[in-house]
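Inside the fold
If you want the building blocks of each chain, they are given just below.
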2 protein chains.
Amino acid sequence: MTMHASRELIEAKQMLAVARQEALRGKAAGGIPIGAALYGPDGELLGSGHNRRVQDDDPSMHAETAAFRNAGRRPHYRDTIMVTTLSPCWYCSGLVRQFNISRVVIGEATTFSGGHDWLAEHGVQVTIVDDPDCVELMTEFIKEHPDLWFEDIGEERS
Amino acid sequence: MTMHASRELIEAKQMLAVARQEALRGKAAGGIPIGAALYGPDGELLGSGHNRRVQDDDPSMHAETAAFRNAGRRPHYRDTIMVTTLSPCWYCSGLVRQFNISRVVIGEATTFSGGHDWLAEHGVQVTIVDDPDCVELMTEFIKEHPDLWFEDIGEERS
């Protein structure tokens, strides 16, 4: 690993810690434990949030859309970084592509794999941290609340 | 045109009228005039909404996401129809794909073309009504408020 890549990974882990705190807040409130944070080009936190399906009865508030909402209105999102504990689903991947968010940092893509390869094909810089704490959080949640999980990704259980 | 296709187009126009009413409500409130409605398999209206960027200072509320939110939580969206006055951007196209919404009815794709071809490639039934009232509504809006329009699709003006 080059020194540059190493520094990027350290920064990615620091940003991921904020997204993971959001996920834990969501879990503590009985919600789906996925968190996200949107960062600006100079490393400033623009907004963070977590999945609010259960808390607000709102199916549109995935972690990434909540972070995006909480960041407020901006003229553009070039040079921003979306950090999320879990691989972004197609809905949230579409958000990243439409708004030209330039980089996505993902806690893990083991328990669920969304559109991150598609984003990379379209020029988005994708970093998968493969964080064991993020994997454990989702693995436990899916085991304990499969109905909520499948509802959140719009899949019918077989 | 077959009788079946003709009936489908009449139904599409009836559903589109509801989405267009939402767009006009948004316009009347000083917002971005894009509306949407989510219909169930038996033609029942599940929820409708319009872009709320201006009204709520919320960049995450496009017309389609507002309709989806207002439809509330559902175990799945198979057999639902998303109706929108304007071709869905990547964010809203991602919503349709992730939640397996089976059909999209689009007022017009002239003033803006989002991800509807991509959705069709992935098995979504796409109907473009090519409604002149929808075209006029967006043409006027983009001419009068270009900054709001480009902000809403995350594009920097040249």
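Computed from a predicted structure; not experimentally measured.

Considering the sheet that holds strand β2 (residues 45-50) of chain A
All names here are of chain A. The strand order across the open sheet formed by five strands is β2-β1-β3-β4-β5, and the pairing between neighbours is mixed. Either end of the sheet is taken by a strand with one partner, and the two such strands are β2 and β5 (125-128). Going across the sheet, the axis of each strand differs from the next one's by a mean of 15°, ignoring polarity. Of the strand pairs in this sheet, strand β3 (residues 81-86) and strand β4 (residues 103-108) are connected by five bridges, and their pairing is parallel. Across the sheet, residue T84 finds its bridge partner in β4, namely I106. Where helix α6 (residues 132-144) meets the sheet, its contacts fall on β3 and β4, and the angle it forms with β4 comes to roughly 65°.

Some details on the layout of surface pockets
Residue and element names in this part refer to chain B. By volume, the largest pocket is sized at about 160 Å³. Taken together, H4, R7, E8, E11, M15, Y39, G40, P41, G43, I81, R103 and Q125 form the lining of the largest pocket. The leading source of residues in the lining of the largest pocket is helix α1 (residues 3-28), at five residues. Looking at the lining of the largest pocket, its residues break down into four nonpolar, four polar and four charged.

Observations concerning the UniProt feature "domain: CMP/dCMP-type deaminase" (unreviewed entry) in chain A
Residues annotated in UniProt with the feature "domain: CMP/dCMP-type deaminase" (unreviewed entry) correspond here to residues 10-126 of chain A. Taken as a whole, residues 10-126 of chain A contains 40% helix and 21% strand, while its terminal C-alpha atoms sit 15 Å from one another.

Some thoughts on the environment of S60 of chain A
Among the structural elements, S60 of chain A can be located in the loop between α2 (53-56) and α3 (63-71). Accessibility expressed as a relative area gives 0% for S60 of chain A, which makes it buried. When neighbours within four sequence positions are excluded, S60 of chain A is seen to be in contact with T65 and Y91 of chain A together with M61, T65, F68 and R69 of chain B.

A few points about the packing of helix α4 (residues 90-98) of chain A against helix α4 (residues 90-98) of chain B
Where α4 of chain A contacts α4 of chain B, the axes come no closer than 7 Å and their chain directions differ by 165°. Taken together, the axis directions place α4 of chain A and α4 of chain B in an arrangement best described as roughly antiparallel. Handedness of the crossing formed by α4 of chain A with α4 of chain B: right-handed. Across the interface between the two elements, W90, Y91, G94, L95, R97 and Q98 of chain A from α4 of chain A touch W90, Y91, G94, L95, R97 and Q98 of chain B from α4 of chain B. Here the contact of α4 of chain A with α4 of chain B is built from residues that sort into six nonpolar, four polar and two charged.

Some points on the packing of aromatic side chains
Enumeration over the complete set of coordinates arrives at 16 aromatic pairs over all chains. Taken together, a centroid distance of 5.6 Å and an interplanar angle of 65° make the contact between W90 of chain A and W118 of chain B edge-to-face. Of the two residues, W90 of chain A sits in helix α4 while W118 of chain B sits in helix α5 (residues 116-121), which places them in two different chains. Ring centres of F112 of chain A and W149 of chain A lie 5.6 Å apart, and the angle between their planes is 85°; on these two criteria the pair is classed as edge-to-face. Of this pair, F112 of chain A sits in the loop between β4 and α5 (116-121) while W149 of chain A sits in helix α7 (residues 146-152), and the two are 37 residues apart along the sequence. Judged by its relative accessible area of 12%, F112 of chain A falls in the buried class. Residue W149 of chain A is classed as buried on the basis of its relative accessible area of 4%. Pairwise contacts between aromatic rings join F68, Y77, Y91 and F99 of chain A together with F68, Y77, Y91 and F99 of chain B into one cluster. The lysine or arginine in question, R97 of chain A, covers the ring of W90 of chain B, its NZ or CZ lying 3.8 Å from the ring centre.

What counts, and where the lines are drawn
- Residues numbered from 1 in each chain as written.
- Chains lettered and ligands numbered in written order.
- Predicted model: local features only at pLDDT ≥ 70, side-chain atom pairs only at ≥ 80, totals over all residues.
- Heavy atoms only, no water.
- Pairing = 2+ DSSP bridges.
- Helix = DSSP H or I, 4+ residues; strand = E, 2+ residues; numbered from the N terminus.
- Axes fitted to C-alpha atoms, helices over the stretch in contact; angles between N-to-C directions.
- Contact = heavy atoms within 4.5 Å.
- 1 Å grid on protein atoms, 1.4 Å probe; cavity = no way out; pocket = protein on both sides within 12 Å on 5 of 7 lines; lining within 4 Å.
- Points joined across faces, edges and corners; volume = space filled by probe spheres on them.
- Nonpolar A, V, L, I, M, F, W, Y, C, P; charged D, E, K, R; others polar.
- UniProt positions renumbered as here; feature names shortened; annotations may be inferred.
- Buried < 20%, exposed > 50% of the residue type's maximum accessible area, 1.4 Å probe, protein only.
- Parallel < 35°, antiparallel > 145°, perpendicular 65-115°, else oblique.
- Left-handed = near helix turned anticlockwise from the far one by under 90°.
- Phe/Tyr/Trp six-rings, centres within 6.5 Å; stacked < 30°, edge-to-face > 60°.
- Lys NZ or Arg CZ within 6 Å of the ring centre and 35° of its normal.

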